[in-house]
Amino acid sequence: MLNLLETARRGLAEAGAESDPGTRYVCAHLAALRAAAAIVAARGEPGTGSRRRRPRSVWELLPQVEPTLAEWAAFFAASAAKRAAAAAGLPRAATAREAEDLLRDAGTFLSVAERALGVDIQPQLPLRSAS
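Notes on the structure in this doc start here. (Residues numbered from 1 in each chain as written. Predicted model: local features only at pLDDT ≥ 70, side-chain atom pairs only at ≥ 80, totals over all residues. Heavy atoms only, no water.)

A word on the overall build of the chain. Helix and strand counts for the chain come out as 6 helices and 0 strands. Sequence-ordered secondary structure for the chain, helices as α and strands as β, is α-α-α-α-α-α. Sorting the 131 residues of the chain into buried and exposed places 37% on the buried side. Summarising the internal contacts of the chain: among those between residues at least 6 apart in sequence, 69% fall at separations of at least 24. With the model as given, the accessible surface of the chain reaches about 7,300 Å², and the carbon-plus-sulfur share is 54%. (Helix = DSSP H or I, 4+ residues; strand = E, 2+ residues; numbered from the N terminus. Buried < 20%, exposed > 50% of the residue type's maximum accessible area, 1.4 Å probe, protein only. Contact = heavy atoms within 4.5 Å. Areas by Shrake-Rupley, 256 points an atom, 1.4 Å probe, with all protein chains shown as cover.)

Structure follows, in structure tokens:
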């Protein structure tokens, strides 16, 4: 769990240093994904048993293990298609403004995740503006 949070924090720093909006968007979204995965890992996947299930997204699992984060899960799930488009290198998949907004939101979410897990909140790394 702590490793996922550390990786998320590094991903935010990488996103902050990125000048390409698509790459910035992808890095920020993946940082949020890792923070959510840390919560799911710490709380345990709901409904695990001997019955096989279809794979589920961390954004589907998060509200089940931490209902107070349902809005965050919906927000990041809604932005997953844009992340996939940006990761595929589609031109104009994410604007500079969208990337900057997602970076800010992912940073906030990481802090929320750390609080939910009772982890000492790491100081926010300075973000370089893409302008």
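Before going further, it helps to examine the nonpolar core. In this structure, Leu5, Ala35, Ile39, Trp59, Leu62, Phe76 and Phe109 are the most contacted members of the largest nonpolar core, which totals 33 residues. For this core, the secondary-structure elements that each account for two or more residues are helix H1 (2-17), helix H2 (21-43), helix H3 (58-65), helix H4 (70-78) and helix H6 (96-116). By residue number, the principal contributor to this core is H2, which donates 10 residues. (Core = buried A, V, L, I, M, F, W, Y, C linked by side-chain atoms within 4.5 Å.)

Relative orientation of the contacting elements H4 and H6 amounts to 145°, with a least axis distance of 12 Å. Seen along the crossing, H4 lies across H6 with a hand that is left-handed. Contact residues: Trp72, Phe75 and Phe76 in H4; Leu102, Asp105, Ala106, Thr108, Phe109 and Val112 in H6. Of the residues that constitute the contact of H4 with H6, the class distribution is 7 nonpolar, 1 polar and 1 charged. (Axes fitted to C-alpha atoms, helices over the stretch in contact; angles between N-to-C directions. Left-handed = near helix turned anticlockwise from the far one by under 90°. Nonpolar A, V, L, I, M, F, W, Y, C, P; charged D, E, K, R; others polar.)

Evaluation of the coordinates by the stated rule reveals 8 salt bridges. Residue Asp101 is joined to Arg97 by a salt bridge in which the shortest nitrogen-to-oxygen separation is 3.2 Å. Taken together, the residues span about one helical turn, with Asp101 and Arg97 both in helix H6 at a distance of 4 residues. The class of Arg97 is exposed, set by a relative accessible area of 62%. One salt-bridge network, held together by shared partners, links Arg97, Asp101, Arg104 and Asp105. (Salt bridge = Lys/Arg side-chain N within 4 Å of Asp/Glu carboxyl O.)

For the rest of this paragraph, the subject is unusual backbone geometry. Although it is not a glycine, Arg92 sits at a positive phi angle of roughly 60°. Among the structural elements, Arg92 can be located in the loop between helix H5 (80-87) and H6. We classify Arg92 as exposed; its relative accessible area is 77%.

Further remarks concern the side chain of Asp105. On the secondary structure map, Asp105 appears in helix H6. Residue classification places Asp105 among the buried residues on the basis of a relative accessible area of 19%. In this structure Asp105 touches Trp72, Phe75 and Phe76, once residues within four positions along its chain are discounted.

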